[in-house]
Amino acid sequence: MALSANYILPTVKFDGDSVVSINQGDYNKWQRTRDPTNGNFMRRKRIPVSDETEPVGQKENRIQSKDKKSPGNVKQHSCTHHQVTPNAFEGEQTQDVSTEVNVLNLLIKSRLKALQNYRAREEVLLLENEKMRKEIEKQEKDVHGEVTCLLQKYERYRGAISTLTTKFEKEKALANRQFEEAKLHTEQEIKVLDAQVKNADIKLKEKRQQLKMLLSYKDREYPVHAVHIAQLQLQIDTLKKQHKRENIELKRIIKMETEKYQQNQTKDIQDIKEDAINNVMDTLQDGLKEMALQNITMKKEMEEHSEETANIIKMIPCLEKDIKDLKLDPKSDLRRQMFPHLFQEVTKCTPDMDVVLDIPVNQDMQI
């Protein structure tokens, strides 16, 4: 496998499934450059590496190249420098190419393995994306239904809010109007109360003045007036008792006179009625007098008959009840009384009753 002189190795290498960063300076020791004087390729000076830091493949190739070198290909000089022959240069070039090939093979293998991992990951991601797509579609349907329901609710709520807003504005206007009315009424009441407070202040001043006068009166004139008031109170009590006795006596006299006048009034009315009836009867003929007397008699008889009819009507329910009782009484049934053997009641046997058999038995006569 041939490589161009200007080929630059990638700056990334793979270690299994992981990606490891590689600097460009790690490949400078294998890169060829041209000589500016003649244009031929010239080898860069090898950078000595230790056994610990040198890669394993490079170390083995370097050991093999040392074993392949013959002592005749390199001339030793007395100085510390050594001269490189064309055969040695070709061996080193072959070693470098094989090393680069090994590195590239490792890179290809790691890239293939990474590609397989990427493809497997791609399949997993495709499956997950398909699941996510289905879930998203399902969620979109659910969200669409919820959004539709929310929009419907929003429409209803917006209508309700507009109604409530209109109602609130009306109530607010009414409340403001009531507030203004209450404010005016309160201001008027405050004015009235202020006037009352002023009047109360004036009365308070007057009462204070009177209090001052009373305080001076208490010390000077009050004892004399107190004695006089006590005497007057005693006279009032005496007059009340006397007035009470006189009032009772007066009521008794009034009651007696009232009863007397009522009796006289009743007697006078009766006399007037009798005189009027006698005068009317005297003016009537004998037939009319007799008819009037008969009417009076018939009227009294009608009243008596009405009273008897009312008493009889009151007695009817009692008689009906007695008749029902007599119908239910077995003694009132003539057939049962005349033929009691035909209407004998036979008692029914119940499970808890004892059965007694009355069977005739032949008995021997004693001789």
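Conventions adopted
- Residues numbered from 1 in each chain as written.
- Predicted model: local features only at pLDDT ≥ 70, side-chain atom pairs only at ≥ 80, totals over all residues.
- Heavy atoms only, no water.
- Helix = DSSP H or I, 4+ residues; strand = E, 2+ residues; numbered from the N terminus.
- Contact = heavy atoms within 4.5 Å.
- Areas by Shrake-Rupley, 256 points an atom, 1.4 Å probe, with all protein chains shown as cover.
- UniProt positions renumbered as here; feature names shortened; annotations may be inferred.
- Patch = residues over 30% accessible without salt bridge, like charges linked within 9 Å, V, L, I, M, F, W, Y side chains within 5 Å.
- Salt bridge = Lys/Arg side-chain N within 4 Å of Asp/Glu carboxyl O.
- Buried < 20%, exposed > 50% of the residue type's maximum accessible area, 1.4 Å probe, protein only.
- pLDDT = per-residue confidence, 0-100.
- Expected span 1.5 Å × (residues − 1).
- Bend = angle between axes of the 7 residues up to and from the residue.
- Lys, Arg positive; Asp, Glu negative; His and termini not counted.
- Charge placed at Lys NZ, Arg CZ, Asp CG, Glu CD.

1. Brief notes about the overall build of the protein
Okay, step 1: Helix and strand counts for the protein come out as five helices and four strands.
Okay, step 2: Each helix and strand of the protein, placed in order from N terminus to C terminus, yields the pattern β-β-β-β-α-α-α-α-α.
Okay, step 3: Sequence separation of 24 or more characterises 44% of the internal contacts of the protein that already satisfy a separation of 6 or more.
Okay, step 4: Surface accessibility of the protein: about 34100 Å² in total, with carbon and sulfur atoms responsible for 58%.

2. Points about the UniProt feature "coiled-coil region" (unreviewed entry) in the protein
Okay, step 1: Summarizing the sequence annotation, UniProt attributes the feature "coiled-coil region" (unreviewed entry) to residues 115-142 and 190-260 in the numbering used throughout.
Okay, step 2: Annotation note: span residues 115-142, helix share 100%, strand share 0%, distance between end C-alpha atoms 39 Å.

3. Looking at a nonpolar patch on the surface
Okay, step 1: A cluster of nonpolar side chains, contributed by Leu334, Met338, Phe339 and Leu342, occupies part of the molecular surface with about 470 Å² of accessible area.
Okay, step 2: You can see leucine 334 is positioned in helix H5 (residues 334-338).

4. Overview of the pattern of salt bridges
Okay, step 1: Tallying each qualifying case throughout the model produces four salt bridges.
Okay, step 2: Of the charged contacts in the structure, one is a salt bridge between arginine 252 and glutamate 249, with a shortest N-O distance of 2.2 Å. Separated by three residues within a single helix, arginine 252 and glutamate 249 lie in helix H3 (residues 222-283), roughly one turn from each other.
Okay, step 3: Using a relative accessible area of 42% as the deciding quantity, one classes arginine 252 as partly exposed.
Okay, step 4: If you follow the salt bridges from partner to partner, you end up with Glu130, Arg133 and Glu137 in one network.

5. Some words on the confidence of the model for the protein
Okay, step 1: For the protein, the mean per-residue pLDDT works out to 75, and 70% of the residues sit at or above 70.
Okay, step 2: Note on residues 1-22: pLDDT is under 50 here. Beyond four places in sequence and across chains, it has 40 contacts.

6. Thoughts on helix H4 (residues 286-328)
Residues spaced three or four apart along an α-helix face the same direction, because each turn holds 3.6 residues.
Okay, step 1: Here H4 spans 62 Å end to end across 43 residues, near enough to the 63 Å set by a 1.5 Å rise per residue.
Okay, step 2: The sharpest bend along H4 reaches about 30° and sits at isoleucine 316, with the proline proline 317 one to four residues further on.

7. A look at a negative patch on the surface
Okay, step 1: On the surface, Glu301, Glu303, Glu304, Glu307 and Glu308 cluster together to form a negatively charged patch.
Okay, step 2: On the secondary structure map, glutamate 301 appears in helix H4.

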